[in-house]
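Letter by letter, the chains look like this.
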Amino acid sequence: MAANIGIMDSAYFVGRTEILAWINSTLHLNLSKVEEACSGAVHCQLMDSVHPGTVPMHKVNFDAKSEYEMIQNYKVLQDVFNKLKLTKHIEVSKLVKGRPLDNLEFMQWMKKYCDSINGGQLHNYHALERREACKGGKEATRRAAATQQSGKSSSSSAAPRPSSSNGTRKHEPPSSNAGNHHSSRAPSSKQTKPAPAAAAAAYDEKITELKLYIDSLEKERDFYFSKLRDVEILCQNPDTEHLPLVGSIKRILYAADGEDLGAAAAAETQTLSPIAEGSEERRNSAIESQKRKLIVNQDVDAAAITSLSPRQRLSDSSDVKCSGSSPLLTC
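What counts, and at which threshold
Residues numbered from 1 in each chain as written. Predicted model: local features only at pLDDT ≥ 70, side-chain atom pairs only at ≥ 80, totals over all residues. Heavy atoms only, no water. UniProt positions renumbered as here; feature names shortened; annotations may be inferred. Salt bridge = Lys/Arg side-chain N within 4 Å of Asp/Glu carboxyl O. Helix = DSSP H or I, 4+ residues; strand = E, 2+ residues; numbered from the N terminus. Buried < 20%, exposed > 50% of the residue type's maximum accessible area, 1.4 Å probe, protein only. Contact = heavy atoms within 4.5 Å.

- The name that an unreviewed UniProt entry assigns to the chain is Microtubule-associated protein RP/EB family member 1C, with the source organism given as Brassica cretica.
- The Sequence similarities (unreviewed entry) comment attached to the chain in UniProt states, word for word, "Belongs to the MAPRE family."

Put into structure tokens, the structure is as follows:
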């Protein structure tokens, strides 16, 4: 079921252009941005298109401007989800803000779900008639129609008309050089008019991309902050907060910018490492064994000296003196 799709599903890789084309063709609207559907009315009608009669369209407000009015639309949508036993969580507080990324993700899920019902095929769904029962539905239809007509007129006015220009040139009387110079400038000025509109569209596209990038950074920041917060809560547990390892983690969490914790961390790591503790114990045991051997050797030498006669002691001392001299000398 599309209600349980994961974040890495192919549904979340559908572009904004395809989403907008799907909404406009299904509901006969003319949205130019996905965030224009943040009021929740579009979502309600999309659910009405795949489940006719499930959505009380008279409660949907297409003219919602404030967050309170938008929340009412999302309440209607949540009631529909409950009727259909859909477990999809609706993040209303984020959607009503009109942020592009949040609205795009939720609309991607809506498209995935609607496509999973009857293969995305709508049978005899009259979007305009269903929308007339909503508050502000007629105005939304009128705005969409006006936007479509203005788009068609602008595209037709931008098309060249070579026949009309040729006809006017034939009947034009001969004029002076100044008039010809003025007439030659006129078409160039008309051709340069669409340039600011194209630049504005490019700026809008760039701004939208930056907003999406900022939203993704904020999501990533919130994700890692929640992980650090979980670690902090774990370190504050009374059963473990007195452990040396927990203390080290706290020092890393609360360290100021530029503070060097490398030496302290290395020392604590050596202290906490079981390998280091084992090597230290082996070193101490080796030193103790060497001390015992030295003490035993000294006691044996002392006992041997006391048991020798004075003549043997004298011979031993002479041997030591001879052996301590140069190897070229003999006794």
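Here's the deal with the pattern of salt bridges
So, point 1. For the coordinates displayed, the defined rule picks out 13 salt bridges.
So, point 2. Lys97 serves as the salt-bridge partner of Glu67, at 3.3 Å between the closest nitrogen and oxygen. Highlighted residues: Glu67 in helix α3 (residues 67–84) and Lys97 in the loop between α4 (92–95) and α5 (100–116), separated in sequence by 30 residues.
So, point 3. Since its relative accessible area comes to 37%, Glu67 is described here as partly exposed.
So, point 4. The partner of Arg229 in a salt bridge is Glu232, and the shortest N-O contact between them spans 2.8 Å. Taken as a pair, Arg229 and Glu232 lie in helix α10 (residues 194–235) at a separation of 3 residues, close to a single helical turn.
So, point 5. Relative accessible area serves as the criterion here: at 37%, Arg229 is assigned to the partly exposed category.
So, point 6. Several salt bridges share partner residues, and in doing so they unite Glu18, Lys111 and Asp115 into one network.

Focus: helix α2 (residues 41–50)
So, point 1. Most of α2 sits out of view: 10 of its 10 residues are buried.
So, point 2. Looking only at α2, the buried set comprises Ala41, Val42, His43, Cys44, Gln45, Leu46, Met47, Asp48, Ser49 and Val50.

Some thoughts on the environment of Lys88
So, point 1. Mapped onto the secondary structure, Lys88 falls in the loop between α3 and α4.
So, point 2. Between the C-alpha atom of Lys88 and that of Trp109, which follows or precedes it by 21 residues, the distance is 9.3 Å.
So, point 3. When neighbours within four sequence positions are excluded, Lys88 is seen to be in contact with Tyr12, Phe81, Phe106 and Trp109.

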